[in-house]
Amino acid sequence: MSWGTTRVLGNRDAGRYLAGVLVSGFGTAAMLLVAGIWVKDLTGSSSLAGLVTLGTWGPTLVAPLIGVLADRFRRRPLLIGLHLAMAALLPVLLLVDTAARVWLIFAVMVAYGVSFVLIDSAEAALVPAVVPGELLGDFNGLRTTVNEGMKLVAPLVGAGLFAAYGGHPVVLLDAATFALAALLLTQIRVREAPPPPPERWTRQLAEGLGHLRRHAPLRHLVVCTGAAMLLIGINGALAYAVVDDGLHRPPEFNGVLGTMQGVGSLVGGLAAGALLRRLGDRRVTAVAITLLAAGLALRAAPGLVAVVAGTLAVGGGAPLVLITVWTAVQRETPNALVGRVSATVNTLTFGPGTLAVLAGAGLLELVDHRVIQLAGAAGAVLLAGWALRGDRRTAAPEGPRPTASEGPRAAAVEETAPAPATPHAAAPATPQAAGPATPQAAAPAAGTAERG
């Protein structure tokens, strides 16, 4: 365990935050799996079941518009209110008992997606107030590790509950974890300055985009991350072809590879903080993309050992590239802008991955999956080199710079506030190497990131 990880775990507020990540990540992972199974069970339609994921992650495509709200309110009451609202909304799904009421699942999943965006954005602004600047990478890495760990366990529990009792127990479990996460948020002390007076929506949106345009190093990281997520999306679209044509195994074997990717993500998350301190943002991004290149190339090989090794490499590289950009946003963005900037970054990083899933599926009809993956590996090598362009070792400042309207951080009023508790989705999760890829996920998880 690294020095940074030990310090984060020894921090009372950070520890309670991570407990919230653990609780909410469990409920989210179980519910997101069961929602699709539920639709499939009631309607018999695989297409409708697949659209559940689109409803959940669709709001990410308009995240900059939603993220403005996170900068208009104190993040503490916003986070608590969002968690309690979802805890109150989820029981609506107890009315679902026939195919005629499946629309309720889609409506709640869209609300879920909107809450992901808002919670991710509010969290991104609160995290630097809970964790010292030099530990942001360690903290984001631990958050990702906890989330990925829950994805190895919670889907099995959710599927088991659904098989035995139907969807209603999973709904109640998820609602309870939202409520418990809200309670944990109230137990964490954090300094939070009041938000500046609200301006026009369009002006606030332009300020967030303008920060990325003016901040060349941050913009460079975002572009590199978006390109990397595009490659990960293509990799996910080819998952079944790798198992079927490459390994000649049944589709269920994707579950084994999904677990392998999860293991890689756990390792990548734990290593992120130490790597960021030693190498700096761009070098860590280059390392992460190099891992993706190796993973794509190995997954094109016909042998089981090579494919498993490649899947582990993809699992390790994906969280590294996301944690790096999330941490950079928190360090390099004035606190008053963090909500809308982080939402914009989520769109720019996860959007390409969403489109790549469609592109990869289309290419697969024309080209052998090995050719596509080897081409992706070659592109990743070039991207890793570009990520290093103008590299400089970055020092970790003490946190995001306060704006003039905020005043000195030391003058901020201390209050009891939620830890930037993980959105129920936490950071945008990374797309799974095995199984149909989702854009986030996501988090953050920003990306979730984040997404969490």
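Just so we're clear, the structure is a prediction, and the values are computed from it rather than from any experiment.

Draft legend 1. Structural context of the packing of aromatic side chains. A complete count under the given rule lists two aromatic pairs for this structure. Ring geometry for Tyr112 against Phe116: centres 4.9 Å apart, planes inclined by 65°, an arrangement best described as edge-to-face. Of the two residues, Tyr112 and Phe116 are both situated in helix H6 (residues 103-130); the distance of four residues between them amounts to about one turn of the helix. On the accessibility criterion, Tyr112 (0% relative accessible area) is buried. Ring plane angle 50° and centroid distance 5.7 Å describe the contact between Tyr112 and Phe178, whose orientation is recorded as tilted. One end of the pair, Tyr112, is in helix H6; the other, Phe178, is in helix H8 (residues 168-186), and 66 residues separate them in sequence. You can call Phe178 buried: its relative accessible area is 0%.

Draft legend 2. Representation of the nonpolar core in the model. By size, the foremost hydrophobic cluster in this structure holds 37 residues, and its most contacted members are Ile289 and Val345. Among the secondary structure elements, those contributing two or more residues to this core are helix H10 (216-237), helix H12 (254-279), helix H13 (281-299), helix H14 (304-332), helix H15 (338-364) and helix H16 (369-387). Tallying contributions element by element places H14 first for this core, with 10 residues. Counting residues in each nonpolar core, the second largest holds 29 residues, with Ala35, Met86, Ala87 and Met109 among its members.

Draft legend 3. Local environment of the confidence of the model for the protein. Averaged over every residue, the pLDDT of the protein is 77; residues scoring 70 or more account for 81%. Contacts for the low-pLDDT stretch residues 391-452, under 50 throughout, to residues beyond four places or in other chains number 288 contacts.

Draft legend 4. Here's a closer look at the pattern of salt bridges. The full count for this structure, using the stated rule, is four salt bridges. The partner of Arg101 in a salt bridge is Asp97, and the shortest N-O contact between them spans 3.9 Å. For Arg101, a relative accessible area of 36% corresponds to the partly exposed category. Arg277 is paired through a salt bridge with Asp138; the nearest N and O atoms lie 2.3 Å apart. Within this pair, whereas Arg277 is found in helix H12, its partner Asp138 is found in helix H7 (residues 136-165), the two being separated by 139 residues in sequence. Arg277 sits in the partly exposed class, given a relative accessible area of 25%.

About the criteria used
Throughout this description, residue numbers start from 1 for each chain and increase along the sequence as written. Only residues with pLDDT of 70 or above have their local features reported here, since the model is predicted, and side-chain atom pairs are shown and tallied only from 80 upward, although totals for entire chains, interfaces and linings are computed over all residues. Computation of side-chain values covers all heavy atoms of the structure but excludes hydrogens and water. Stacked, tilted and edge-to-face are the three classes assigned to paired rings of Phe, Tyr and Trp, where Trp is represented by its six-membered ring and a pair needs centres within 6.5 Å; plane angles under 30 degrees give stacked, over 60 edge-to-face, the rest tilted. Per the convention used, a helix needs a DSSP run of H or I reaching at least four residues, while a strand needs a run of E reaching at least two, with both numbered from the N terminus. Three labels apply to residues, based on accessible area from a 1.4 Å probe with only protein chains included: buried if under 20% of the type maximum, exposed if over 50%, partly exposed otherwise in between. Note on terminology: a nonpolar core comprises buried Ala, Val, Leu, Ile, Met, Phe, Trp, Tyr and Cys residues joined through side-chain atoms within 4.5 Å. Summary of the metric used: pLDDT quantifies the predictor's per-residue confidence within the range 0 to 100. We call two residues in contact when some of their heavy atoms are within 4.5 Å. We define a salt bridge as a side-chain nitrogen of Lys or Arg found within 4 Å of a carboxyl oxygen belonging to Asp or Glu.

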